[in-house]
Amino acid sequence: MNNFPSMKRLALAAACLALAAGAHAAEATAPLSAAASDPATLQWMVGAPPPADKIIRFDDGSYFTFPQLRWSVSHFRQLMPTVEVARGLGAPQPLQRALRKDIDSLRFTPLGSKDSMTWEQSLGANYTDGIVVLHRGRIVYERYFGVLKDSGQHGAMSVTKSVMGTLGAALVAEGKLDPNKKVAEYVPELAKSAFGDATVRQVLDMTTGLKFSEEYADPKAEVWQHAAAGNPLPKPKDYTGPRSYFEYLQTVQHQGRHGEAFGYRTVNADVLGWLIARVTGQNVNEYLSEHVWRKLGAEQDAYMSDDSTGTPFAGGGLSAGLRDLARFGEMLRNDGRYNGQQIIPKAAVADIRRGGDKQLFAKGGYDLLKGWSYRDMWWVTHNDHCAYMARGVYGQRIYVDPKAEMVIVRFASTPTAANAANDPTTTPAFEALGKLLLAKPK
């Protein structure tokens, strides 16, 4: 990495702050297997101090290379500044357990393959760090690997977007955000940017026309500028660019027309975070804490990475406990109601489930997601179970299956960022489990 120009090194050190649908280039050689790259076995950051070859740092970007990544995703708070998503002081809402022994042996056929595999085999194939399955609100399956423990938090990556989208959908349902208003009507600072004449709905559904590439292999891609702006480290003396997420958003320019096609770009979620902060008077971590996390009866505080001004990264900065995200998914499965109260308006959940424009989504080029759509920053399958999903690079997922009364949350640390790399062994596995629980409920 030492051959990178200063700004790119700065951006690389904050690469996790710009994670989205784009993918890092695949490793030149075959990556280590899940077992061989187990961060506990490799003993990263063990010792006082750790041996020099076992130290992982934020400032040199080593924390986001494979296999070090497998340790980092469970320790972001140890490496970078964060803000809290407090759970409050009340007792957690307990999750009952009814563990099943028939899930590991469940067989399914990966997309594009003729050979089947078991659910248990898929966990290693997807470098799973933790996974929990709720059926009718009870834990029927839960496993942890590597350095992730049930008391730990893990980076949710772009699953963060779906959490933010849920807040946005709720504010629309409550009449606090008008989906048809232009962004500049709420945030005048964005009037001269590409977002100024986009509607709130176009931001929520990512149908904005923006000049913003998330191709990490391209040194001129705007994603590097975005990451450099959001990096909380001191900037090089010759750095003259934006110094925060909000400053960067004001520089984004038009490319194409709003409303013509789906285009997955992290900066839309950053704009949504600004909209939420502007209409509520709270940063997104504070609003998420007060209006969702405390009401869920979460077990743990969550946290979000932030920039040098303390602004949370709405596009991918959330880290949370596995079971707490399961509570979040279960709330959505129950039309926004959980822990004895209506947390998210039922109309907001219905809007997510309904999905977006399939024709606009098809223009996004997701060959493995034919027939899907995107709504309120959720990926909607339109399958026969009406399932919808939050997706984050390196294998993060929340999967809500209303028909099977099932919620799956998975944390992972795959060698390749792109969701397309693990979709073939993820989507059919989740669908198969939904069919099993529907056919053989307990």
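In this text, all values refer to a predicted model and were calculated from it rather than measured experimentally. (Residues numbered from 1 in each chain as written. Predicted model: local features only at pLDDT ≥ 70, side-chain atom pairs only at ≥ 80, totals over all residues. Heavy atoms only, no water.)

Engineer: Is there a simple way to explain the overall build of the protein in this structure?
Structural biologist: Across its full length, the protein holds 16 helices and 15 strands. For the protein, the C-alpha radius of gyration of 20 Å lies close to 22 Å, the compact-globule estimate for 442 residues. Expressed as lengths along the three principal axes of its C-alpha atoms, the size of the protein is roughly 60 × 55 × 50 Å. Within the protein, buried positions represent 60% of all 442 residues. Long-range pairs, those at least 24 residues apart, make up 69% of the contacts in the protein with a sequence separation of at least 6. Of the accessible surface of the protein, which amounts to about 17,100 Å², a share of 49% is contributed by carbon and sulfur atoms. (Helix = DSSP H or I, 4+ residues; strand = E, 2+ residues; numbered from the N terminus. Rg over C-alpha atoms; globule rule 2.2 N^0.38 Å. Buried < 20%, exposed > 50% of the residue type's maximum accessible area, 1.4 Å probe, protein only. Contact = heavy atoms within 4.5 Å. Areas by Shrake-Rupley, 256 points an atom, 1.4 Å probe, with all protein chains shown as cover.)

Engineer: How should I be thinking about the pattern of salt bridges in this particular structure?
Structural biologist: Evaluation of the coordinates by the stated rule reveals 24 salt bridges. Measuring nitrogen to oxygen at the nearest pair gives 3.5 Å for the salt bridge that ties Arg201 to Asp351. Of this pair, Arg201 sits in helix H8 (residues 200-204) while Asp351 sits in helix H14 (residues 346-354), and the two are 150 residues apart along the sequence. Of the two residues, Arg201 and Asp351, both sit in the buried class. As a salt-bridge pair, Glu299 and Arg327 come within 3.1 Å of each other at their nearest N and O atoms. Of this pair, Glu299 sits in the loop between helix H12 (284-296) and strand E7 (302-305) while Arg327 is found in helix H13 (residues 322-333), placing the two residues 28 residues apart along the sequence. (Salt bridge = Lys/Arg side-chain N within 4 Å of Asp/Glu carboxyl O.)

Engineer: Looking at this structure, I do not really get the layout of surface pockets. What am I missing?
Structural biologist: Using a probe with the size of a water molecule, rolled over the atoms, empty space left in the structure can be pinpointed. Here the second largest pocket defines a volume of roughly 300 Å³. For the second largest pocket, the lining is made up of 20 residues, of which Phe212, Phe262, Gly263, Tyr264 and Arg265 are closest to its centre. Split by residue class, the lining of the second largest pocket holds six nonpolar, nine polar and five charged. (1 Å grid on protein atoms, 1.4 Å probe; cavity = no way out; pocket = protein on both sides within 12 Å on 5 of 7 lines; lining within 4 Å. Points joined across faces, edges and corners; volume = space filled by probe spheres on them. Nonpolar A, V, L, I, M, F, W, Y, C, P; charged D, E, K, R; others polar.)

Engineer: Just checking my understanding: could you explain unusual backbone geometry for this structure?
Structural biologist: The linkage connecting Ala48 with the following residue, Pro49, adopts the cis geometry, with an omega of 0°. Checked against the element boundaries, Pro49 lands in the loop between helix H2 (39-42) and helix H3 (69-72). Residue Pro67 is reached from Phe66 by a cis peptide bond, and omega for that bond is 10°. Along the chain, the position of Pro67 falls in the loop between H2 and H3. Positioned with a positive phi, Gln43 is a non-glycine residue whose angle comes to about 60°. Relative to the elements of secondary structure, Gln43 occurs in the loop between H2 and H3. Positive phi is not limited to glycine here, since Met45 has a value of about 60°. The class of Met45 is partly exposed, set by a relative accessible area of 22%.

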